[in-house]
Every structure is written in C-alpha cells, then in structure tokens.
Amino acid sequence: MNLFDIVGPVMVGPSSSHTAGAAKIGNVARRLLNEDVAEAEILFHGSFLATGKGHGTDKALLAGLMGLAVDDPLIPYSFEIARQKGLKYRFGGIDLGDAHPNSVKLLLTGISGKKLELTASSIGGGRIEVNEVDGLANSFSGD
C-alpha cells in the first residue's frame, strides 16, 4: 500500500473511478493508437453506463482520448474541445457480462485510418486495468 491508496490521485473530480480512471483509460488508448483520435465510439458498461454522465465520466474519457491529464482543468470542456478539433464521438451502452462495473469498450479510428479496439476498467483510486486490446485478452494479473 502507498500514500495514493489512502489519499487518492490529484485530479479534476468528482470521482477517482469515474473521472481520473476514465481519463487514464482515454490516455492509454490514445497512446496505444499512437496518433490523434479522429473518431471514437465509447460504449459504457455497468456503473459507468448507469451513473457516468452525472460523474463526468463521458467528459473525462473524451478528454483522455485527446491527451488531457487527469488534473487538467479543461476536462469539463472536453465536448467543446473535441468539436473544435473535429473529433467525432458517440456514446452508447454495452453489456460486457461479468466485467468490472466501471468498464468501457472503445472503438477508435486515428487520423490515418488506423483502428484500435480496447476494453478497460477503472478499478478504484484512479487505477485502471486494460482487459482487452484488438480482441486479445490481457492475461496479466496484478497491480
């Protein structure tokens, strides 16, 4: 256990799982795509789907896809920033079975046409777990 397990991450709130974790998932996906995101289909599961809009999960995840950090004060304005950048995005829901309740599936297209499919979970305290990339399940377990 470390200090961040007790205190939590420095972030734009209100929730480490719904905002910090979501922004981190977006950032990881952007890095894996290795280019700017041109189009994003964002499919929320479980608690992300049920309460994510109220917690700003949608804004945080979109912000992460554009490279904004978890503590960037522009996160609440990510919809406007995405429109200015020409990033096309759509939110929806998905049933991922017994996946963690704070999970999302991302279907991304980069500016060159490159595609990425990623499923990830926000597991608390701003920590995330990548469950699947382009159909390949993550077999690593640990923190």
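To keep things clear, this report deals only with the structure shown in the data block. Bear in mind the structure is a predicted one, so any value in this text is a computation, not a measurement.

### Quick look at the overall build of the chain
What the chain contains, in helices and strands, is 5 helices and 6 strands. Beginning at the N terminus, the succession of helices and strands in the chain can be written as α-α-β-α-α-α-β-β-β-β-β. Taking all 143 residues of the chain together, the buried fraction comes to 42%. The long-range fraction of contacts in the chain, counting pairs at least 24 apart against all pairs at least 6 apart in sequence, stands at 65%. Element-wise, carbon and sulfur atoms account for 54% of the exposed surface of the chain, whose accessible area totals about 7500 Å².

### Description of the nonpolar core
Grouped together as the largest cluster of nonpolar side chains are 31 residues, with contacts concentrated most on Ile-25, Ile-42, Leu-61, Leu-65, Val-104, Leu-106 and Leu-108. Elements supplying a minimum of two residues to this core: α2 (16-33), β1 (37-45), α4 (57-65), α5 (78-85), β3 (102-110) and β4 (115-124). With 6 residues, α2 is the single largest residue contributor to this core. What Leu-65 contacts, discounting residues up to four positions off in sequence, is Gly-26, Asn-27, Ala-29, Arg-30, Val-37, Ala-40, Ile-42, Leu-106 and Leu-108.

### Regarding the environment of Ala-99
You can see Ala-99 is positioned in the loop between β2 (88-93) and β3. Distance from Ala-99 to Ser-121, taken between C-alpha atoms, is 8.0 Å for residues 22 residues apart in sequence.

### Here's the deal with the pattern of salt bridges
By the definition in use, this model includes 3 salt bridges. When the shortest N-O distance is used, the salt bridge between Arg-30 and Asp-36 registers 2.5 Å. Residue classification places Arg-30 among the partly exposed residues on the basis of a relative accessible area of 25%. Among the ionic pairs, Lys-105 bridges to Glu-117, the shortest N-O distance being 3.1 Å. Pair noted here: Lys-105 is in strand β3 and Glu-117 is in strand β4, with a separation of 12 residues, a long-range link.

### Quick word on the packing of α4 against α5
Two elements in contact, α4 and α5, have axes separated by 9 Å at closest approach and are oriented at 40 degrees. With respect to each other, α4 and α5 are oriented oblique. Crossing of α4 against α5: the hand is left-handed. On α5, the residues that touch Asp-58, Lys-59, Leu-62 and Ala-63 of α4 are Ser-78, Phe-79 and Ala-82. Per-class residue counts for the contact of α4 with α5 are 4 nonpolar, 1 polar and 2 charged.

The rules behind each value
Within every chain, residues take consecutive numbers counted from 1 along the sequence as written. Side-chain atom pairs in this predicted model are given and counted only at pLDDT of 80 or more, local residue features only at pLDDT of at least 70, and totals for whole chains, interfaces and linings cover all residues. The side-chain quantities take in all heavy atoms of the structure and omit both hydrogens and water. Helix and strand definitions follow DSSP, with helices as H or I runs of at least four residues and strands as E runs of at least two, each counted in order from the N terminus. Each residue is assigned to one of three classes by its accessible area relative to the maximum for its type, calculated with a 1.4 Å probe on protein chains only: buried under 20%, partly exposed between the two thresholds, exposed over 50%. For this analysis, residues touch if any pair of their heavy atoms sits within 4.5 Å. The Shrake-Rupley method, run with a 1.4 Å probe sphere, supplies the accessible areas, and residue values consider only the shown protein chains as cover. Among buried residues, those of type Ala, Val, Leu, Ile, Met, Phe, Trp, Tyr and Cys that are joined through side-chain atoms within 4.5 Å constitute a nonpolar core. For this analysis, a salt bridge means a side-chain nitrogen from Lys or Arg found within 4 Å of a carboxyl oxygen belonging to Asp or Glu. Angles here are taken between N-to-C directions and fall from 0 to 180 degrees, while the axes themselves are lines fitted to C-alpha atoms, restricted in helices to the stretch in contact. Roughly parallel covers angles under 35 degrees, roughly antiparallel covers those over 145, roughly perpendicular covers 65 to 115, and oblique covers all other angles. By definition, turning the near helix anticlockwise from the far helix through less than a right angle yields a left-handed crossing, and turning it clockwise yields a right-handed one. Throughout this entry, Asp, Glu, Lys and Arg are counted as charged residues, while Ala, Val, Leu, Ile, Met, Phe, Trp, Tyr, Cys and Pro are counted as nonpolar. The remaining residues, Gly among them, count as polar.

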